Amino acid sequence: MKKVVILSASIGGGHNAASNAIRMYAEELKEEYQVTVIDVLEYIRPILSKVAEKTYEINVKNFPEFYGWQYDLNNSMDGKISRNILPFHSKLKELVNEYNPDVIICMHPVSVTSIIRVREKYGFTFKVFVVVTDYDYHASWIHKDVDMFFVSSNFMKLKLLEDHIPETRIRDTGIPTSHELQVKLDKFKARYLLDLKDKKTILIMGGSFGAGNLIKLVNSMMKSNLDLQVIVITGSNKKVKKDLDKLSDEVEKDLIILGYTEKISLYMDAADILVTKPGGLTVTEALIKRLPLVITRPIPGQEEENATYLLNHGIGVRLDQDEELHILIEDLIQDETRLKHMKELQEHYAKPDATKDLFAVMDELLENT
């Protein structure tokens, strides 16, 4: 049995989702692997995880510019702040002794440097993999002694080469996603299963915290001259959901408001266009589904970098004024050539086999040790 420990963190929704995608793939298709997902902050001190999660949520909702400033400051210091945030080496040693892993996969940069220091300090022999869950990377992800980097794009591979990481230790395999995303239903069937009308459908998402000005976006869509169905997923933001529920009772258009849902894949199948913040996992899912993207209010830092990647590669458009969403949507729907090209580019850049390819690399490396 090959033992793998994934060190994640509940800071944003993507790290845990990608971690669980790897775990579930192993449970379903790789019985020779035992994969354990651990919130590294929760393991060290439960209060650390709670504070980090709440601080992140407050910053991205209320102080995104401050969050961006922190991100840039840490990046300019070669990631020194987040590299040194986990000095609890004895606790990490305890984790390694408890699970005895062959591989530790870092899904969040907070654990990268610390787990390598623990390996060096105590003479452990496990391999360290890094899976970057965005379309650019922060300096704190990088350490010269990482055994393998898994990145989402050739652009990131080229940047790592520039940062003196050998090409033999870089794999451009993509961001791991749930196996269910491999199944793509046609729009009619997806809408039938969700009890939706069979008409042009716009899906609006605000991230795991429901961040972003969803109310402004929805108000804009209610001005559209097109006969549209608008679905809004507010995540865990109960206040925004309550406000939008009230709005849905007052408008004549087809407006459906959802909170947290485990049917994201099905709603993506049902939609014609996705309006969203550019979180790494959301972008990856949309590419696999060939779902045209409208990017709104990226958080300064990693989401801003994701937005740049999408725009540079022609696989998304950016909304700068929330109140103009209906105009941008109408323009896209009426421009069939542009939508066709976006879908073709999405198919070109999508990496639906990211999880499978990660295990293939892991098989190879572990066989040679």
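Before reading on, note that the structure itself is shown above.
Everything numeric here is computed off the predicted structure, so don't read it as measured data.

Conventions adopted
- Residues numbered from 1 in each chain as written.
- Predicted model: local features only at pLDDT ≥ 70, side-chain atom pairs only at ≥ 80, totals over all residues.
- Heavy atoms only, no water.
- Pairing = 2+ DSSP bridges.
- Helix = DSSP H or I, 4+ residues; strand = E, 2+ residues; numbered from the N terminus.
- Axes fitted to C-alpha atoms, helices over the stretch in contact; angles between N-to-C directions.
- Parallel < 35°, antiparallel > 145°, perpendicular 65-115°, else oblique.
- Contact = heavy atoms within 4.5 Å.
- Nonpolar A, V, L, I, M, F, W, Y, C, P; charged D, E, K, R; others polar.
- Salt bridge = Lys/Arg side-chain N within 4 Å of Asp/Glu carboxyl O.
- Buried < 20%, exposed > 50% of the residue type's maximum accessible area, 1.4 Å probe, protein only.
- Right-handed = clockwise from strand over helix to strand, strands pointing away.
- 1 Å grid on protein atoms, 1.4 Å probe; cavity = no way out; pocket = protein on both sides within 12 Å on 5 of 7 lines; lining within 4 Å.
- Points joined across faces, edges and corners; volume = space filled by probe spheres on them.

A. Highlighting the sheet that holds strand E7 (residues 201-205). Spatial strand order, E9-E8-E7-E10-E11-E12: six strands in an open sheet with parallel pairing. The open sheet is flanked by strand E9 (254-258) and strand E12 (317-319), the only strands paired with a single partner. Put simply, the sheet's adjacent strands are angled 20° from each other on average, direction ignored. Of the pairings in the sheet, the one linking strand E11 (residues 293-296) to E12 comprises three bridges and is parallel in character. Looking across to E12, one finds that Val294 is bridged to Val317.

B. Fine view of the packing of helix H15 (residues 325-334) against helix H16 (residues 336-349). Remark: H15 packs on H16, axes separated minimally by 5 Å, with the N-to-C direction vectors making an angle of 85°. Taken together, the axes of H15 and H16 are roughly perpendicular relative to one another. Facing Asp331, Leu332, Ile333 and Gln334 of H15, the residues of H16 in contact are Glu336, Arg338, Leu339 and Met342. Here the residues of the contact of H15 with H16 sort into four nonpolar, one polar and three charged.

C. Representation of the pattern of salt bridges. All chains considered together, the criterion is met by 26 salt bridges. The residue Lys30 makes a salt bridge to Asp363 at a minimum N-O spacing of 2.8 Å. Here Asp363 lies in helix H17 (residues 354-367) and Lys30 lies in the loop between helix H1 (14-29) and strand E2 (33-39), a separation of 333 residues in the sequence. Asp363 matches Lys30 in its accessibility class, with the two residues each being buried. Connected through salt bridges with shared partners, the residues Lys2, Lys30, Glu32 and Asp363 form a single ionic network.

D. The pairing of E9, seen in detail. Along E9, four of the five residues are buried, which leaves the element largely enclosed by surrounding structure. Here strand E8 (residues 229-233) pairs with E9 via five bridges, running parallel. Paired with Gln229 across the bridge in E9 is Asp254. Since E8 and E9 lie parallel, the crossover through helix H11 (residues 238-250) that links them has a hand, and here it is right-handed.

E. Fine view of empty space enclosed by the protein. Under the criterion given, the structure shown has one cavity of 30 Å³ or more. The calculated volume of the largest cavity comes to roughly 50 Å³. In terms of lining, the largest cavity is formed by Tyr135, Ser152, Gly174, Ile175, Thr284, Leu287, Tyr349, Ala350 and Lys351. A breakdown of the residues in the lining of the largest cavity according to their chemical character gives five nonpolar, three polar and one charged.

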